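Examining the three-dimensional arrangement
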Amino acid sequence: MLSYKIIRSFLGFLFCVQCLWAQNFPSRNYSAANELPNNAVRALFLDSKNVLWIGTENGIVSKQNNIFQSYFEEDGLALNSCWAITEDKQNRIWFGSYGSGISVFNGDDFKILSTKDGLVHDEIVQLFPYKNYIYVGTSDGVSRIDINTFDIQSWKNEGSEVLLRVTGFFEFEKELYVTTYRTGVFKVSSEGSFSLEQVNDQKYIYSAFVDNNSIFSSNKGHYTKSEISEYIKSGEPASEELGNSILWDYVKTSDSTIYAAAWGIYDSNGGIFELNEDFRDRTNSFGIQGNDMFSLAYDEAFERLYIGTLSSGVYEIQLKPLVKFEEQFNRNIQGFAEIDGNTAYLLEQGVQINSAKNQFFIQLLDFKRWQQNYLRTTTRPLPEHKDDFYELDHNTTASNIKFYDIKTSNNLYWINSNVGIFSIDTDGKLDTYLPLHSEEINFTANGKLIETNPYGGVRIYDDPNKLSYQYYPQDHEDTPTMVVSSLKTDNKTYFTSVFSGLYKYENGRFESYLNLKIWKEKNLRHMVSHNDNLAVSSEFGDVFIVRDKPGSFEVLRKIPRASIQGNTISFLNAYGSTLIIGTERGLTLVDDDRFIFLDEEQGLEQPFFSSKIENDELHIGSENGLFRVNIKEVLASSNRVKSIQLKNIAINNNEYELTENALNDLDLDYDENTVLLSFSTNAHPYPKKLQYHYRLNQDEEWSNPTSNSEILLPYLPANDYEVQVRVLDSSTGLNHSQNILNFSIKPPFWKTWWFFTYIFLALMAIVYAIYKYELAKNKRFERQKRAIQRRFEETKMEALLAQMNPHFIFNAMNSIQNYIMDSDIDNATIFLGDFAKLIRLNLDHCTKPTILLVEEIEYLQSYIRVENTRMNNAVAVNFELDPKIDTYDVEVPTMILQTFVENVFVHAFTVESIDPKLDMIFKKLDEHVLSCKIIDNGSGFTATGKNRLHNSKGLSLVKERLALLDYDIEDALNIESEPGKGTMVSLKLRLQR
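The present account deals with the structure reproduced in this document. (Residues numbered from 1 in each chain as written. Predicted model: local features only at pLDDT ≥ 70, side-chain atom pairs only at ≥ 80, totals over all residues. Heavy atoms only, no water.)

Let's shift gears to the overall build of the protein chain. Scanning the protein chain for helices and strands turns up twelve helices and 71 strands. In terms of overall dimensions, the protein chain is more spread out than a globule: its C-alpha atoms have a radius of gyration of 57 Å, far above the 30 Å expected for 993 residues. Overall, the protein chain is about 185 × 100 × 45 Å in size when its C-alpha atoms are taken along their principal axes. By residue count, 51% of the 993 residues in the protein chain fall in the buried class. A separation of at least 24 residues holds for 53% of the contacts in the protein chain among residues at least 6 apart in sequence. (Helix = DSSP H or I, 4+ residues; strand = E, 2+ residues; numbered from the N terminus. Rg over C-alpha atoms; globule rule 2.2 N^0.38 Å. Buried < 20%, exposed > 50% of the residue type's maximum accessible area, 1.4 Å probe, protein only. Contact = heavy atoms within 4.5 Å.)

In structure tokens form, the structure reads like this:
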């Protein structure tokens, strides 16, 4: 028994030692697998803008806010292999190559300096800014370059067979010194021309680092620390040999810790070491693989240490992380519990109890032994599954014991597992074992044990040792089922179910909030007390803040899943007014409207098993240890984003040169309306936590957040724009807004006010010109109309005169006289009546432009009767009318057809004509055209004949009238005649209604 206690105490001591010394620093590796062009890193340098420059054997890389950009010979480098980097007073970056001299970078272009320009050697191994010069250490000599003129002065150890290989520079008492590998230490002459003066001949100096008045100097397999005044004296300084490797580079942090990069060349004793008190190896605690550390850089603003290796790229170490990890070798911390300053850790391998004086580790074998002792000694019947107890396998081996949770009650730790429930005191001794299998237990306000069963109801134990309980069957609507978490408050105990919502136990009874219709949420999981309220998470990732007071229940706030980083909530906790939400992605802190997010970028890695608040720290149980997060420090974080800088502008995919004047007053043409803006913030320790919004004017809504620090503005309309960017920093929960560019897109000329004015004036001028033209045209038209009307009336009068010519009247009157002389009173009367009617119709029709077809036929019949009477009715007249024609509905022009009928009687027939015949044919060609044919079998005529019809006065008047009526003469009038056979006149007239 004594030996068992000794072993247990010893294991507890080991656990304590692990907690004390196994703290790891968050680290990240950048390698050729992702960010770097090569894993052999020869130089690291952090410039004045907090940009990290990485010199590799195959190119140079800049890192700013986790944005990497590579530079190679094709970009202007002298050589891809880079061994030294520095910055001058004009913020130009100098790169020393091993073989092709120096490349000077001004942000846009590279300037090459080599032996052709006066360098002593092209193999550059050291660069050191001093006053207005850059001192260049090479494989054989030193050069000095004026940063203003680029004038080069060089010095070489002439006459020496040993190469003057420079290993470093340092300043002491306003003098500059040079260390070399095999030729000792030199002082740079401060007077006269540039030269070096040897002060001693120390051998095998690999590097040197000045700390106040001391200097660290690395040699083969060790380093020394001595006073500088002694170090620069002639001869070897009397110093103790320290360490066991070769040191190549050094940095000193803000807390005066000195780190050195070591590589043993042919030995495997390299690494990263602290040099303050002893040669402490930090390689493992920094999470570094390998032993070939060669270069270092220190970021004081963010407390980052950068370590360059020759085979594994660059490591970034957070020296003062917000999140600290204490490694517990091969142990997963599944739960925490605390009693009066004593903390118990629930592990897969057992329970560790730490007190101020002792540490106890209870192994799985202890729990199994306690169970077996109970089973061997108890006289009470064991709970069985048939009695609605959760099934328990008493044959479970120690290695298969599974712990569910650890809680406290009555100054005891209560642990529920798959082999039973154990209560243990703060000395690690068993108080009670209960052969009960429950995945979730808790206690009433007066300390009674509550055992839940997913399928078998709930039991509250009055006396756990006697297994005396009150049973609440599962078929009761208020009995909790499928319980996944519980929370004990002052006078209530709450339970959550993934299927039936929230329950509480108070005053001896259970209540279902879902059954009582108090709260309809069904799928609930985690709970925590928060500002005298409850914070409850749903199975689907939402969190509710609820107030449960006597007689009232209120959901104060819902934090939607979209506001929480992650989909599955691992735990809830609270620190003051701050709600802490653990998910599969990280940690979200909610403080009113401020949301802070921590994840692997800050050193917080998955998985999360459990959590507790201890003082100002959040402890999170995870694999192989626990994370410690200083919540107070996280909440006190100020805004890390101070400014936003516009880096590039591309207009229509063409780079635009950035100048201060252009940025203040940028005017673009209407077709320069696709703008791409690239911007960046000041250096930020956690750039992945930045999200960007933008808007184009103050009265617009912000855009959706994005992690891309570019804004593409395609096809912008003409307007004035004030581009404002808002940076949301989830590492602090704060934001920063800033205008980055004001610009205007000018409208096209056809949308400018002056163009509209010009167009308006031009339109007014055109309208006025059209008005004047139309006025003049109308006047001309009226004149023409009056002339045409006058001529129309003249043609009608001429037609009337032609119809009523004196010869016709004379012949008619002569015929009447003959009838009277022959005492033929009847014919004289008839003829006189026809003649009078003809005269009346002529006078009536001459005033009308058109008449009905029936009136025209009546007129023609009257005229023919008069003419035919004169010829003793010898002419056979036939009127043929198309039955489709409604003579009372259509009209034809007046005084057109009579002319051709007159020609028949005047020219076609004589007294010698045999069987003279006249046919008048009216036919409807279509809805708008009437065909009129006048056919006789008279004498006819030829084109050159004496009685040519087309040359008659009447025919000319007809053609003129048809032209005035807008007829096509060639189409409307056709005359066919053949001597001896007669004539046919065809007319096509428009029907008018």
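After that view of the structure, there is still more to cover.
All right, on to the sheet that holds strand S38 (residues 441-443) then. Spatial ordering of the open sheet is given by S38-S39-S40-S41, a layout of four strands whose pairing is antiparallel. Two strands close off the open sheet at either side, each with one partner strand: S38 and strand S41 (468-472). Across the sheet, the mean angle from the axis of one strand to that of its neighbour is 25°, orientation sign disregarded. Pairing analysis gives five bridges linking strand S39 (residues 449-453) to strand S40 (residues 457-463), with the strands arranged antiparallel. Residue pairing in the sheet places Thr452 in a bridge with Val458 of S40. (Pairing = 2+ DSSP bridges. Axes fitted to C-alpha atoms, helices over the stretch in contact; angles between N-to-C directions.)

The subject of this paragraph is the pattern of salt bridges. Scanning the entire structure with this criterion turns up 29 salt bridges. Asp462 is paired through a salt bridge with Lys448; the nearest N and O atoms lie 3.0 Å apart. A residue pair is termed long-range when its members are at least 10 positions apart, and Asp462 in strand S40 and Lys448 in the loop between S38 and S39 qualify at 14 residues. Note that Glu614 is salt-bridged to Lys612, the shortest N-O span being 2.6 Å. The exposure class of Glu614 is partly exposed, given its relative accessible area of 27%. Counted as one network, the salt bridges with shared partners bring together Lys504, Glu506, Arg509 and Glu511. (Salt bridge = Lys/Arg side-chain N within 4 Å of Asp/Glu carboxyl O.)

Attention now moves to a nonpolar patch on the surface. On the surface, a nonpolar cluster with roughly 630 Å² of combined accessible area is contributed by Tyr670, Phe749, Trp750, Trp753 and Trp754. Along the polypeptide, Tyr670 turns up in the loop between strand S59 (666-668) and strand S60 (675-681). When its relative accessible area of 37% is taken as the criterion, Tyr670 is described as partly exposed. (Patch = residues over 30% accessible without salt bridge, like charges linked within 9 Å, V, L, I, M, F, W, Y side chains within 5 Å. Areas by Shrake-Rupley, 256 points an atom, 1.4 Å probe, with all protein chains shown as cover.)

To continue, consider helix H3 (residues 364-377). Think of an α-helix as turning once every 3.6 residues; residues three or four places apart then point the same way. Its 14 residues place the ends of H3 20 Å apart at the C-alpha level, agreeing with the 20 Å of an ideal helix rising 1.5 Å per residue. When we look at burial in H3, the residues that qualify are Leu364, Asp366, Phe367, Lys368, Trp370, Gln371 and Tyr374. (Expected span 1.5 Å × (residues − 1).)

Moving on to a positive patch on the surface. On the surface, Lys772, Lys779, Arg780 and Arg783 cluster together into a positively charged patch. In this fold, Lys779 is placed in helix H6 (residues 753-803). (Lys, Arg positive; Asp, Glu negative; His and termini not counted. Charge placed at Lys NZ, Arg CZ, Asp CG, Glu CD.)

Of all hydrophobic cores here, the largest spans 43 residues; its most connected members are Val901, Leu918, Phe922 and Ile934. When contributions to this core are tallied by element, the ones reaching two or more residues are helix H7 (806-821), helix H8 (825-845), helix H9 (853-870), helix H10 (897-908), strand S68 (917-924), strand S69 (929-936), helix H11 (953-964) and strand S71 (982-990). Considering each element in turn, this core owes the most residues, seven residues, to H9. Residues within four places of Ile934 in sequence aside, it is in contact with Leu897, Phe900, Val901, Val904, Leu918, Asp919, Met920, Thr983, Met984 and Val985. Counting 33 residues, the second largest nonpolar core, distinct from the first, contains Leu364, Phe389, Leu436 and Leu467. (Core = buried A, V, L, I, M, F, W, Y, C linked by side-chain atoms within 4.5 Å.)

As a further point, take the packing of aromatic side chains. One pass over the structure, following the stated rule, counts 55 aromatic pairs. On the basis of an interplanar angle of 55° and a centroid distance of 5.1 Å, the ring pair of Tyr30 and Phe68 is categorised as tilted. Remark: Phe68 occurs in strand S6 (residues 67-71) and Tyr30 occurs in strand S2 (residues 27-30); sequence separation between them is 38 residues. Relative accessible area serves as the criterion here: at 1%, Tyr30 is assigned to the buried category. A residue is classified by how much of its surface remains accessible, and Phe68, at 22% relative accessible area, is partly exposed. Among the aromatic residues, ring-to-ring pairing joins Phe128, Tyr130, Tyr133, Tyr135, Phe169 and Phe194 into one connected group. (Phe/Tyr/Trp six-rings, centres within 6.5 Å; stacked < 30°, edge-to-face > 60°.)

A few words on the sheet that holds strand S8 (residues 93-97). Pairing within the open sheet is antiparallel, and its four strands lie in the order S7-S8-S9-S10. Pairing within the sheet leaves two strands with one partner each, and these edge strands are strand S7 (82-87) and strand S10 (110-113). In this sheet, adjacent strand axes meet at a mean angle of 20° when their direction is disregarded.

With respect to the secondary-structure elements, Arg628 resides in strand S56 (residues 625-630). With relative accessibility at 18%, the residue Arg628 sits in the buried group. Within the structure, the side chain of Arg628 is placed 2.5 Å from the side chain of Glu326, a separation counted as a polar contact. A polar atom in the side chain of Arg628 sits 3.0 Å from the side chain of Glu617. (Polar contact = N/O pair within 3.5 Å; in protein donor to acceptor, adjacent residues only side chain to side chain.)

Moving on: the packing of H9 against H10. Where H9 meets H10, the axes come as close as 11 Å, and the angle between the chain directions of the two elements is 15°. Between H9 and H10, the interaxial angle falls into the category roughly parallel. Crossing of H9 over H10 shows right-handed handedness. Residues Glu856, Tyr859, Leu860, Tyr863, Ile864, Glu867, Asn868 and Arg870 of H9 lie in contact with H10, whose contacting residues are Leu897, Gln898, Val901, Glu902 and Phe905. In the contact of H9 with H10, the residues fall into seven nonpolar, two polar and four charged. (Parallel < 35°, antiparallel > 145°, perpendicular 65-115°, else oblique. Left-handed = near helix turned anticlockwise from the far one by under 90°. Nonpolar A, V, L, I, M, F, W, Y, C, P; charged D, E, K, R; others polar.)

Taking 1.5 Å per residue as the helical rise, H10 with its twelve residues ought to reach 16 Å, and the 16 Å between its terminal C-alpha atoms agrees with that figure. Burial analysis of H10 places ten of its twelve residues in the buried class, which makes it a mostly covered element. For H10, the full list of buried residues reads Leu897, Gln898, Thr899, Phe900, Val901, Glu902, Asn903, Val904, Phe905 and Ala908.

Its place among the elements puts Glu158 in the loop between strand S14 (152-155) and strand S15 (166-172). Expressed as a C-alpha distance, the spacing of Glu158 and Gly141, which sit 17 residues apart in the sequence, is 9.4 Å.

What follows deals with unusual backbone geometry. Each neighbour pair has its own omega, and for Gln606 with Pro607 the value is 5°, a cis peptide bond. With respect to the secondary-structure elements, Pro607 resides in the loop between strand S53 (594-598) and strand S54 (610-614). Positive phi values are uncommon outside glycine, yet Asn410 reaches one of about 55°. On the secondary structure map, Asn410 appears in the loop between strand S34 (403-409) and strand S35 (412-417). According to the relative accessible area criterion, Asn410 is exposed, its value standing at 57%.

Let us look at the side chain of Asp882. In this structure, Asp882 sits in the loop between strand S66 (876-881) and strand S67 (891-893). In this structure, Asp882 is buried with no salt-bridge partner, the nearest side chain bearing the opposite charge being Lys884 at 5.5 Å. At a separation of 3.1 Å, a polar atom in the side chain of Asp882 contacts the main-chain amide nitrogen of Lys924. Among residues more than four places away in sequence, those in contact with Asp882 are Phe922, Lys923 and Lys924.

So, on to the pairing of strand S32 (residues 350-354). The element S32 is largely enclosed, with a buried count of five among its five residues. In terms of strand pairing, strand S31 (residues 342-347) meets S32 through four bridges, oriented antiparallel. For Tyr345, the partnering residue across the bridge sits in S32 and is Gln352. The hairpin turn running from S31 into S32, its antiparallel successor, is two residues long. Both S32 and strand S33 (residues 359-363) contribute to a ladder of five bridges, which runs antiparallel. Bridge pairing in S33 places Ile353 opposite Phe360.

Relative orientation of the contacting elements H8 and H9 amounts to 140°, with a least axis distance of 9 Å. Classified by the interaxial angle, the pair formed by H8 and H9 is oblique. The handedness of the crossing between H8 and H9 comes out as left-handed. Across from Phe831, Asp834, Phe835, Lys837, Leu838, Leu841, Asn842 and His845 in H8, the residues of H9 making contact are Glu855, Glu858, Tyr859, Ser862, Tyr863, Arg865, Val866, Thr869 and Arg870. Residues of the contact of H8 with H9, tallied by class, amount to seven nonpolar, four polar and six charged.

Further remarks concern the environment of Arg282. The topology assignment puts Arg282 in the loop between strand S25 (280-281) and strand S26 (293-299). Between the alpha carbons of Arg282 and Val634 there is a distance of 26 Å; along the sequence they are 352 residues apart. In contact with Arg282, not counting residues within four places along its chain, are Phe25, Tyr259, Ile272 and Glu274.

Keep in mind these values describe shape, not function.
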